[in-house]
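Structural description and commentary
Spelled out, the chains give:
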Amino acid sequence: MTTFTDETRERAREIIARYPADRSRSALLPLLHLVQAEEGYVSPAGVTFCAEVLGLNKAQVGAVATFYTMYKRKPTGDFLVSVCTNTMCNVLGGQEVYDTLVEHLGVGHDETTADGTITLEHAECLAACDYGPVMTVNYDFFDGVDPSTAVGVVDELRAGGRPMPTRGARLCTLKEMAVQLAGFADERDGAVADGGPGEPTLRGLRLAQEHNVSVPGFDPNTPIRSKAEADKAAAEAKAKAEAAKPAPAEASAAAVKGGDGASAPTPGNAGAGEPAPAAAASGSTAPDVKAPDDKSPQVRTAETRQPDAQTAVPDAPGTKVPTDSTAPEPRDARSAEAAGVAANEPAGDGKPAGDEAGAQERNLTEAKAGTDADGAGPADASETGAQK
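In what follows, the accompanying structure is described. These figures come from a predicted structure and were not determined experimentally. (Residues numbered from 1 in each chain as written. Predicted model: local features only at pLDDT ≥ 70, side-chain atom pairs only at ≥ 80, totals over all residues. Heavy atoms only, no water.)

**Things to note about the sheet that holds strand E5 (residues 140–142)**
Test applied: When DSSP finds at least two bridges between two strands, those strands are taken to pair. Helical segments are the DSSP runs of H or I of at least four residues, strand segments are the runs of E of at least two, and each set is numbered from the N terminus. Residue contacts follow a heavy-atom distance rule, with two residues in contact if any of their heavy atoms lie within 4.5 Å. The axes used here are C-alpha line fits, helices contributing only the stretch in contact, and every angle between their N-to-C directions lies in the interval 0 to 180 degrees.
With respect to topology, 5 strands assemble into an open sheet ordered E2-E3-E1-E4-E5, the strand pairing being mixed. At either end of the open sheet lies a strand with only one pairing partner, and these are strand E2 (111–112) and E5. Pairing between strand E1 (residues 79–84) and strand E3 (residues 118–123): 6 bridges, direction parallel. Pairing of Ser82 across the sheet is with Glu121, part of E3. The strands touched by helix H7 (residues 147–158) are E1, E3, strand E4 (135–137) and E5; relative to E4, the strand with the most contacts, the crossing angle is about 10°.

Have a look at this one:
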């Protein structure tokens, strides 16, 4: 049983603290990367560790760990080499690249070289069709590879080198990459400054510059505000909007007369046992209603689809059927139902076509008798019955 280091346990607590207390289960994915960073794969001990710190059972953790291909269930090499063999890369030569590496390294899919350096796998898609055929090493891209360049990359890795990816930061081991996938920064000096974007990625930007296309009023030199600055600006804008609102109308000095000539109750003359009107609390004469966001998404969706309760189906969710009568069904629904009934006869007990009951009974009778009408034996009777 693996005993995880104090550093791993401290990082696990840090990961869990990123999520609300009642949503700690959401930390499972980065925690699986964390245990993989220590062992090189998600071992049974790693599953147990994640289950213990999150209060889950091992079956729940194992279900997630076996679903995603980035979590390895057996020891993996320092460098995971993935070759895309999906449609686009395959057409461009991806399968040939993979087959060449299989022969050169002497391993197949999800297998590791004897020196523990490289684990090879074919990938269904690496999401870089415009760079195909592509190969990744610990998820960093090598674009437009061919068999010879792919062999050159793996040979350099086995010799202790770190070839520079076409796009992305400087290569690191799979364990180091797992730390980053768990949500921790790459601590190597200048590692993330390496690499650069690929030409197909920049194509849209170059076309926009060529045709002078830009967002109206956009200044590329405008600095990006920090979250604190953005929150401050939003608070100032809200305060300014509140200050610009007109003051609520003053109550009229003359009391509003009711139908019997008596004055309508106001906050000032409400009886001792009477609650003050809602308008007095809100400063508005409009009736208090719940904001739309107070409704569940299902209710809002139903009300949007059937806004008129008078034509809504009575049991439709989210509709408000009048209490004095039952809401009628829409006319088009009734006519459609009638047309469907007329066009579809009730299902009977008949056998499917080609499965006539009389023939079956006759075959069974002939088989029991041991002979058919022509004097054939039991085996021939079965064949005759099948033909009939």
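Back to the write-up after that little detour.
**Here's the deal with the side chain of Thr85**
Assignment of secondary structure puts Thr85 in the loop between E1 and helix H5 (87–91). With near-sequence residues (within four places) excluded, Thr85 lies in contact with Asn90, Gly94, Gln95, Tyr98, His122 and Ala123.

**Considering the packing of aromatic side chains**
Put simply, the rule is: Note on ring pairs: Phe, Tyr and Trp rings are taken, using the six-membered ring of Trp, and paired if centres are within 6.5 Å. Classes follow the plane angle, with under 30 degrees stacked, over 60 edge-to-face and the rest tilted. Buried, partly exposed and exposed residues are distinguished by accessible area as a fraction of the type maximum, computed with a 1.4 Å probe on protein chains only: under 20%, between the cut-offs, and over 50%, respectively.
Across all of its chains, the model carries 3 aromatic pairs by this definition. Aromatic pair Phe4 and Phe49: ring centres 4.8 Å apart, planes at 40°, arrangement tilted. Here Phe4, found in the segment before helix H1 (6–16), pairs with Phe49, found in helix H3 (residues 44–54); they are 45 residues apart in sequence, far enough to count as distant. One exposure class covers both Phe4 and Phe49, and it is buried. Between the aromatic rings of Phe67 and Tyr68, the centroid separation amounts to 4.9 Å while the plane-to-plane angle is 80°, which identifies the pairing as edge-to-face.

**Details of the pattern of salt bridges**
Our working rule: One speaks of a salt bridge when a side-chain nitrogen belonging to Lys or Arg is within 4 Å of a carboxyl oxygen belonging to Asp or Glu.
Scanning all chains against the criterion turns up 12 salt bridges. For Arg23, the salt bridge is made with Asp22, and the minimal N-O distance between the two is 3.2 Å. On the basis of relative accessible area, Arg23 is assigned to the partly exposed category, the value being 47%. Under the relative-accessibility criterion, Asp22 is labelled exposed at 57%. A single network of salt bridges, built from pairs that share partners, joins Glu7, Arg11 and Glu187.

**A word on the environment of Leu34**
Note on placement: Leu34 falls in helix H2 (residues 28–39). Considered as a pair, Leu34 and Thr8 are 26 residues apart in the sequence and their alpha carbons are 7.2 Å apart. For Leu34, the residues in contact, after removing those within four places along its chain, are Thr8, Arg11, Ala12, Ile15, Ala182 and Phe184.

**Points about helix H6 (residues 94–105)**
To be explicit about the condition: Under the convention used throughout, the expected extent of a helix is 1.5 Å for every residue step, that is, one less than its residue count. Summarising the geometry, the arc corresponds to the directions from the helix axis toward the C-beta atoms.
Taking 1.5 Å per residue, 12 residues should reach 16 Å; H6 reaches 16 Å between its end C-alpha atoms and fits that length. For H6, every residue scored as buried is listed here: Gly94, Val97, Tyr98, Leu101 and Leu105. Mapping the buried residues of H6 onto a view down its axis gives an arc of 95°, with all of them on the same face. Within H6, the exposed residues directed more than 90 degrees away from the buried face are Glu96 and Glu103. Gly106 lies just past H6 and shows a positive phi near 75°.

**Quick notes on a nonpolar patch on the surface**
To be explicit about the condition: Patches were defined on residues exceeding 30% relative accessible area and lacking a salt bridge, with like-charge contacts within 9 Å and nonpolar side-chain contacts (Val, Leu, Ile, Met, Phe, Trp, Tyr) within 5 Å. Here, Shrake-Rupley sampling with a 1.4 Å probe gives the accessible areas, and only protein chains in the shown set may cover a residue.
Taken together, Leu29, Phe67 and Tyr68 make up a surface patch of nonpolar side chains, about 330 Å² in accessible area. Judged by its relative accessible area of 40%, Tyr68 is partly exposed.

**Focus on the packing of H1 against H3**
Defined as follows: Should an angle fall under 35 degrees it is called roughly parallel, over 145 degrees roughly antiparallel, and 65 to 115 degrees roughly perpendicular, with every other angle called oblique. Crossings are sorted by hand: turned counterclockwise from the far helix by less than a right angle, the near helix makes the crossing left-handed, and turned clockwise it makes it right-handed. In this classification, Asp, Glu, Lys and Arg are treated as charged, Ala, Val, Leu, Ile, Met, Phe, Trp, Tyr, Cys and Pro as nonpolar, and every other residue, Gly included, as polar.
Here H1 crosses H3 at 50°, and the two axes come no closer than 11 Å. When the interaxial angle is binned, H1 and H3 end up oblique. You can see that H1 and H3 cross each other, and the crossing is right-handed. In this structure, H1 uses Thr8, Arg9, Ala12 and Ile16 to contact H3, whose residues at the interface are Phe49, Val53 and Leu54. Residues belonging to the contact of H1 with H3 are distributed by class as follows: 5 nonpolar, 1 polar and 1 charged.

**Regarding the nonpolar core**
As a rule of thumb, soluble globular proteins bury nonpolar side chains together. In plain terms, the rule: The criterion is simple. A nonpolar core is a set of buried Ala, Val, Leu, Ile, Met, Phe, Trp, Tyr and Cys residues joined through side-chain atoms within 4.5 Å.
Ranked by internal contacts, the top residues of the largest apolar core, which has 27 residues, are Leu28, Leu31, Leu32 and Val61. Where this core is concerned, the elements lending two or more residues are H1, H2, H3, helix H4 (58–65) and helix H8 (174–181). Counting 20 residues, the second-largest nonpolar core is a separate cluster that includes Phe79, Val97, Val137 and Leu171.

**Looking at H7**
Its 12 residues give H7 an end-to-end C-alpha distance of 17 Å, which sits within 8% of 16 Å, the value for a rise of 1.5 Å per residue. When H7 is considered as a whole, its buried residues turn out to be Ala150, Val151, Val153, Val154 and Leu157. Seen from one end, H7 has its buried residues packed into an arc of 160°, which puts them on one side. Tucked into the core, H7 has its buried residues touching E1, H6, E3, E4 and E5. In the stretch just after H7, Gly160 is the one whose phi turns positive, near 95°.

**Points about unusual backbone geometry**
Residues other than glycine predominantly adopt negative phi, and peptide bonds predominantly adopt the trans conformation. Backbone torsion omega between Gly132 and Pro133 reads -10°, so that peptide bond is classified as cis. With phi around 75°, Tyr139 is a residue other than glycine that occupies positive phi space. Of note, Tyr139 is situated in the loop between E4 and E5. Judged by relative accessible area, which is 25%, Tyr139 ranks as partly exposed.

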